[in-house]
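As a plain string of letters, each chain reads:
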Amino acid sequence: MYLKSLEIFGFKSFADRIRIEFSKGISALVGPNGCGKSNIVDSIKWVVGEQSAKSLRAETMEDVIFNGTETRRPLSVAEVAITISNDEGVLPLDVPEIEVKRRIYRSGENEYFINSKPARLKEIRELFWDTGIGKSAYSVMEQGRIDPVSYTHLRAHETVLDLVCRLLLEKKKKKRKPVVQVEGFKKKTT
């Protein structure tokens with residue numbers, strides 16, 4: 001399982017639709033100040049269910065919608081979609097690719113989709129249970145969360161990794177309920 005692509009439209013500084021393709025492995029966003037790196041990270045956190053505007057560096061959730069410039073009018077909607085490779089069947093849908101999309105309108109109304117079918121936030125969250133993907137997971141890390149890890153002593157790294165491994169083991173031991181009831185898709189039964 002890996003993030004194959006990210007599509008952003010109307011989210012924060014991205015007035016035009018953009019698409020970013022990813023390959024397997026670790027990806028890093030590098031660029032000068034003000035080019036939108038943090039907005040890309042915010043968009044990923046947002047599409048997988050982040051509900052805190054503050055966590056997205058905004059006052060209200062509607063603030064994530066492109067607000068216009070001197071030469072461009074504000075947009076009325078923001079939309080972010082991620083496509084995840086599910087070739088190995090890690091996610092509980094029996095399809096090789098899964099697209100998760102979130103849309104917000106200036107009215108504050110949110111819409112969620114799994115493979116173009118309407119979904120609920122709960123279904124988005126359940127889709128990613130036990131995968132390391134989520135609004136507060138370490139699969140997407142902004143600069144402020146990387147610095148403490150990269151500057152700590154090796155022994156501290158070992159302690160953190162040991163803790164994470166123990167927590168993951170405990171999660172695996174717990175019996176998982178069937179999740180994601182998106183009409184039109186076969187659900188995996190394990």
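Residues numbered from 1 in each chain as written. Predicted model: local features only at pLDDT ≥ 70, side-chain atom pairs only at ≥ 80, totals over all residues. Heavy atoms only, no water.

K.L.:
In this structure, what is going on with the sheet that holds strand β2 (residues 18–21)? I would like to understand it.
P.N.:
Two modes of strand pairing occur in sheets, parallel and antiparallel, and in both the strands are linked by backbone hydrogen bonds. What the 6 strands build is an open sheet, ordered β2-β1-β3-β4-β5-β6; its pairing is antiparallel. Two strands lie at the open edges of the sheet, namely β2 and β6 (117–119), each paired on one side alone. The average undirected angle you get between the axes of adjacent strands in this sheet is 20°. Where strand β5 (residues 110–114) lies against β6, 3 bridges are found, and the strand directions are antiparallel. Looking at the pairing, Y112 lines up with A119 of β6. Docked against the sheet, helix α1 (residues 37–47) engages β1 (2–9), β2, β3 (77–85), β4 (97–105) and β5, running at close to 80° with respect to β3. (Pairing = 2+ DSSP bridges. Helix = DSSP H or I, 4+ residues; strand = E, 2+ residues; numbered from the N terminus. Axes fitted to C-alpha atoms, helices over the stretch in contact; angles between N-to-C directions. Contact = heavy atoms within 4.5 Å.)

K.L.:
What exactly am I supposed to notice about the pattern of salt bridges here?
P.N.:
Pairing is possible between side chains of opposite charge, provided their charged atoms come close. Taken as a whole, this structure holds 12 salt bridges when the rule is applied. A salt bridge links E111 to R103; the nearest nitrogen and oxygen atoms lie 2.8 Å apart. In this structure, the salt-bridge partner of K122 is E126, at a minimum N-O distance of 3.9 Å. Of this pair, K122 and E126 both sit in helix α2 (residues 121–127), 4 residues apart, which is roughly one turn of the helix. By sharing partners, the salt bridges in this structure join E7, R17, R19, E21, E79, R103 and E111 into a single network. (Salt bridge = Lys/Arg side-chain N within 4 Å of Asp/Glu carboxyl O.)

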